[in-house]
Amino acid sequence: MPPSRYPATARTPFRLAVNGYGRIGRCFVRAIHETGLADHLRIVAINEPAALDSIAHLTRFDSTHGRFPGRIDIADDLLLLDGRPTRVSHAHTPEEVDWISHGTDLVVECSGRYVERAQLQRFIDAGCPRLLLSNPGAHAHDVDATVVHGFTHDRLDPQARLVSAASCTTNAVVPVLSLLHREFGLERALLTTLHSAMNDQPLIDGYHHSELARTRSAMQSIIPVATGLARGVERLMPELEGRIEAKAIRVPTHNVSAIDMVLTFPQEVSAARINELLREAAHGPCARFIDWSNAPHASIDFNHDAHSVIIDGSQTRACGPRMVNLFVWFDNEWGFANRMVELTRHWLEALAGKLRVPDSAEMKR
């Protein structure tokens, strides 16, 4: 187990529960262990309809991220993560789980099934003290706050009850657009996400989704799908409302996605100046969230990369004096799960009055 990046606080360990133990739920739990925070963020409960044997097996072995960095055992209805007991329930609704008995400080909702405020309020009514979503709310008012950790977390009121960590794509886009908008101003952005296949697609054609393109085989085609990325960016950067458009294409890979950005500015810019700005950010106080490279990459190079976004400087292009094309990579599972872990700690420490902002040396790790 690696040493923690952060010292313990008087309030830790904070007690966490996870609802929905799929790709993001398992990555969230694993990220806590890989960052050495298991003594500070304690997973005391998991609610997942699957059988405990399956839960343990998919925690221990992961086709994308490899073996769990620790020991996984089962005892009665407990999942033992390096000997630490986690109670497992198999409920299908929030009301079926006795959240109060777990004594949780926060529940991380990773099923993706709940997007409207009335649905989310069911967790609070069932005894959850506060809820962190791994997906955006259906509308801005469905949650108390939507946060991209590292860039908008200072807006979070610790007294909030329902908070969204946005989406993996929003976490990749907002850091880049924020930096460029602050430096040059930003007129318009067209964002095309090339996203790895997901569980809402079938391996072979099947009746998996009302969106007909998603009924086609995920591993045989490049498939355009609907996306709410533009709306998600505008929630966090309202000054750009009406100036962001986005589309998404699913590609037959298992993990690591990319975003192709076409950006226009009110002043003259160059590919070299854009690269310089983003490279400096990646080597400075944003180093935990942004990376930069100009090597000839393939997507697999960024599997299990904890950054929110990696700028591929080799692909930056200028078209005329005010238009630039950027290409960025991100691990849509691991990077996002790490931001959720950091947001969880930030929120709970702020609530406990023990918030400590990492110094610049830590930000670069």
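The structure under discussion appears in the preceding block.
Parameters at a glance
- The residue numbering used here restarts from 1 in each chain and proceeds along that chain's sequence as written.
- Per-residue local features of the predicted model are confined to residues with pLDDT of at least 70, and side-chain atom pairs are confined, for both listing and counting, to 80 or more; whole-chain, interface and lining totals are unaffected and use all residues.
- Note that water and hydrogens are dropped before the side-chain values are worked out from all heavy atoms of the structure.
- Only a pair of cysteine sulfur atoms within 2.5 Å counts as a disulfide in this structure description.
- Just to be clear on terms, a salt bridge is a Lys or Arg side-chain nitrogen sitting within 4 Å of an Asp or Glu carboxyl oxygen.
- In this text, helices come from DSSP runs of H or I with a minimum length of four residues, and strands from runs of E with a minimum of two, each type numbered from the N-terminal end.
- Only protein chains enter the accessibility calculation, which uses a 1.4 Å probe; a residue is then buried when its area is under 20% of its type maximum, exposed when over 50%, and partly exposed in between.
- Grid spacing is 1 Å over the protein atoms alone, the probe is 1.4 Å, and a cavity is where that probe fits but cannot get out, while a pocket is an open set with protein on both sides within 12 Å along at least five of seven lines and lining residues have an atom within 4 Å of a point.
- Grid points are joined across faces, edges and corners, and a volume is the space filled by probe spheres set on the points.
- Ten residues, namely Ala, Val, Leu, Ile, Met, Phe, Trp, Tyr, Cys and Pro, are considered nonpolar, four, namely Asp, Glu, Lys and Arg, are considered charged, and the remaining ones, Gly among them, are considered polar.
- The span you would expect from a helix comes to 1.5 Å times its residue count less one.
- Two strands qualify as a pair provided DSSP detects at least 2 bridges between them.
- Contact definition: two residues touch when any of their heavy atoms are within 4.5 Å.
- Here, axes are lines fitted to C-alpha atoms. For helices the fit covers the stretch in contact, and angles between N-to-C directions go from 0 to 180 degrees.
- Handedness of each helix crossing follows the sense of rotation of the near helix against the far helix: counterclockwise by less than a right angle gives left-handed, clockwise gives right-handed.
- Pairing of aromatic rings covers Phe, Tyr and Trp, the last through its six-membered ring, and needs centres within 6.5 Å; plane angles under 30 degrees mean stacked, over 60 mean edge-to-face, and all others mean tilted.
- A ring is scored as having a charge over it whenever the NZ atom of a lysine or the CZ atom of an arginine sits within 6 Å of its centre and within 35 degrees of its normal.
- Side-chain atoms within 4.5 Å link the members of a nonpolar core, which is a set of buried Ala, Val, Leu, Ile, Met, Phe, Trp, Tyr and Cys residues.

A. Local environment of the state of the cysteines. Applying the stated criterion to the full structure yields 0 disulfides. Between Cys-110, a cysteine without a disulfide, and Cys-27, which holds the nearest cysteine sulfur, the sulfur-to-sulfur distance is 9.7 Å.

B. Structural detail: the pattern of salt bridges. By the definition in use, this model includes 18 salt bridges. With a closest N to O distance of 2.9 Å, Asp-200 and Arg-250 form a salt bridge. One end of the pair, Asp-200, is in the loop between strand S10 (188-196) and strand S11 (223-225); the other, Arg-250, is in strand S12 (residues 244-251), with 50 residues separating them in the sequence. On the accessibility criterion, Asp-200 (24% relative accessible area) is partly exposed. The exposure class of Arg-250 is buried, given its relative accessible area of 7%. Among the salt bridges present, the one from Arg-214 reaches Glu-211, with a minimum N-O distance of 3.0 Å.

C. Here's a closer look at the layout of surface pockets. Here the largest pocket is characterised by a volume of approximately 1600 Å³. Along the walls of the largest pocket sit 48 residues, with His-195, Met-198, Asn-199, Asp-200 and Arg-250 positioned nearest its centre. Among the secondary structure elements, those contributing two or more residues to the lining of the largest pocket are helix H1 (23-34), helix H5 (168-184), S10, helix H6 (229-236) and S12. Looking at side-chain class alone, the lining of the largest pocket contains 17 nonpolar, 22 polar and 9 charged residues.

D. The arrangement of H1 in detail. Over its 12 residues, H1 runs 16 Å from end to end, which matches the ideal 16 Å to within 8%, given 1.5 Å per residue. The element H1 is largely enclosed, with a buried count of 10 among its 12 residues. Burial in H1 covers these residues: Ile-24, Gly-25, Arg-26, Cys-27, Phe-28, Val-29, Arg-30, Ala-31, Ile-32 and His-33.

E. Looking closely at the sheet that holds strand S1 (residues 14-19). The sheet built from 9 strands is open, its strands ordered S3-S4-S5-S2-S1-S6-S7-S9-S8 with mixed pairing. Each end of this open sheet is capped by a strand with a single partner; those strands are strand S3 (72-75) and strand S8 (145-146). Looking at chain direction, strand S6 (residues 106-109) and strand S7 (residues 131-133) are connected through 3 bridges and run parallel. Its bridge partner being in S7, Val-108 is matched across the sheet by Leu-132. Across the sheet, helix H4 (residues 117-125) lies against S1, S6, S7 and strand S9 (162-164), angled at about 120 degrees from S9, the strand it touches most.

F. View of unusual backbone geometry. With a phi angle near 55 degrees, Asp-76 is a residue other than glycine that sits in the positive phi range. If you trace the backbone, Asp-76 turns up in the loop between S3 and strand S4 (78-81). With a phi angle near 65 degrees, Ala-166 is a residue other than glycine that sits in the positive phi range. Considering the arrangement of structural elements, one finds Ala-166 in the loop between S9 and H5. Look at Ala-166 and you get buried, because its relative accessible area is 2%.

G. The packing of H1 against helix H8 (residues 334-351), seen in detail. Packing of H1 against H8 brings their axes to within 8 Å, and their N-to-C directions diverge by 65 degrees. Crossing geometry of H1 relative to H8 is assigned as right-handed. Seen from H1, the contacting residues are Ile-24, Cys-27, Phe-28, Arg-30, Ala-31, Ile-32 and Glu-34; seen from H8, they are Trp-334, Phe-336, Ala-337, Asn-338, Met-340, Val-341 and Thr-344. Of the residues in the contact of H1 with H8, the class split is 10 nonpolar, 2 polar and 2 charged.

H. Highlighting the packing of aromatic side chains. Scanning all chains against the criterion turns up 6 aromatic pairs. Taking 6.2 Å as the distance between ring centres and 45 degrees as the angle between the ring planes, the aromatic pair formed by Trp-99 and Phe-123 counts as tilted. Residue Trp-99 is located in helix H3 (residues 99-102), and its partner Phe-123 is located in helix H4; the two are separated by 24 residues in the primary sequence. When the centroid spacing of 4.9 Å and the interplanar angle of 85 degrees are considered together, the rings of Tyr-114 and Phe-123 count as edge-to-face. The same class applies to Tyr-114 and to Phe-123, which are both buried. An aromatic cluster of at least three residues, connected via ring pairs, comprises Trp-99, Tyr-114 and Phe-123. Sitting over the face of the ring of Trp-292, Arg-279 holds its NZ or CZ atom 4.9 Å from the ring centroid.

I. Quick peek at the nonpolar core. Grouped together as the largest cluster of nonpolar side chains are 84 residues, with contacts concentrated most on Leu-79, Leu-180, Leu-191 and Met-261. Among the elements that line this core, the one with the most residues is H5, at 9 residues. Discounting chain neighbours no more than four positions away, the residues touching Met-261 are Val-173, Val-176, Leu-177, Leu-190, Leu-191, Val-324, Asn-325, Leu-326 and Val-328. Grouped together as the second largest cluster of nonpolar side chains are 17 residues, Ala-91, Ile-124, Leu-133 and Leu-162 included.

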